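Read off the chains here:
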Amino acid sequence: MNKLLSLVVGAVLLAGCGGTLCDRINSSSDTFFAGKTECKYTDGTTTLTITKKTTCDVTNCTADDQKALDAYATCLGKAQPCTTGNEKKATADATACVFGNLTTISQACSSAQK
């Protein structure tokens, strides 16, 4: 039985989403996902699936939330892209970006990222 650990990362810029911060998140996400909508890696019985988000909305995010999102965008921009053969490193890099930067954002901000 596979254990499925899903992390949802990345975002796509939509109209009115908050300007340059969403642009940065969008750019980092596009680079990371390399044309895919998810990045998946299976090791034994554990599958890690990272799914690309489709909405970036920072209107409910505090200044601290926005700093965390900016740090996340920077981190994801440096991550190994999820291309064929690089899934293990890519999922590890993206997981580090999520846990290193997004665990402190407010519920209101987190809920707006879909």
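Residues numbered from 1 in each chain as written. Predicted model: local features only at pLDDT ≥ 70, side-chain atom pairs only at ≥ 80, totals over all residues. Heavy atoms only, no water.

Details of the pattern of salt bridges
In total, this model carries five salt bridges according to the counting rule given. Between lysine 52 and aspartate 30 there is a salt bridge, with its nearest N and O atoms 2.7 Å apart. Within this pair, whereas lysine 52 is found in strand E3 (residues 46-52), its partner aspartate 30 is found in helix H1 (residues 20-33), the two being separated by 22 residues in sequence. The shortest N-O distance in the salt bridge between glutamate 38 and lysine 40 comes to 3.7 Å. Among the residues examined, glutamate 38 registers a relative accessible area of 34% and is labelled partly exposed. (Salt bridge = Lys/Arg side-chain N within 4 Å of Asp/Glu carboxyl O. Helix = DSSP H or I, 4+ residues; strand = E, 2+ residues; numbered from the N terminus. Buried < 20%, exposed > 50% of the residue type's maximum accessible area, 1.4 Å probe, protein only.)

Some details on the environment of alanine 108
Mapped onto the elements of the fold, alanine 108 is located in helix H4 (residues 107-112). C-alpha separation for the pair alanine 108 and asparagine 60, spaced 48 residues apart in sequence, amounts to 5.8 Å.

So, the state of the cysteines
Overall, the coordinates contain four disulfides when judged by the stated rule. Across a sulfur-sulfur distance of 2.1 Å, cysteine 75 and cysteine 97 are joined as a disulfide pair. Residues cysteine 75 and cysteine 97 are joined by a disulfide whose S-S torsion is about -85°; by sign, that bridge is left-handed. Linking cysteine 75 in helix H2 (residues 63-78) with cysteine 97 in helix H3 (residues 87-101), this pair joins segments that are 22 residues apart in sequence. (Disulfide = S-S within 2.5 Å.)

Just distances and angles here, no functional claims.
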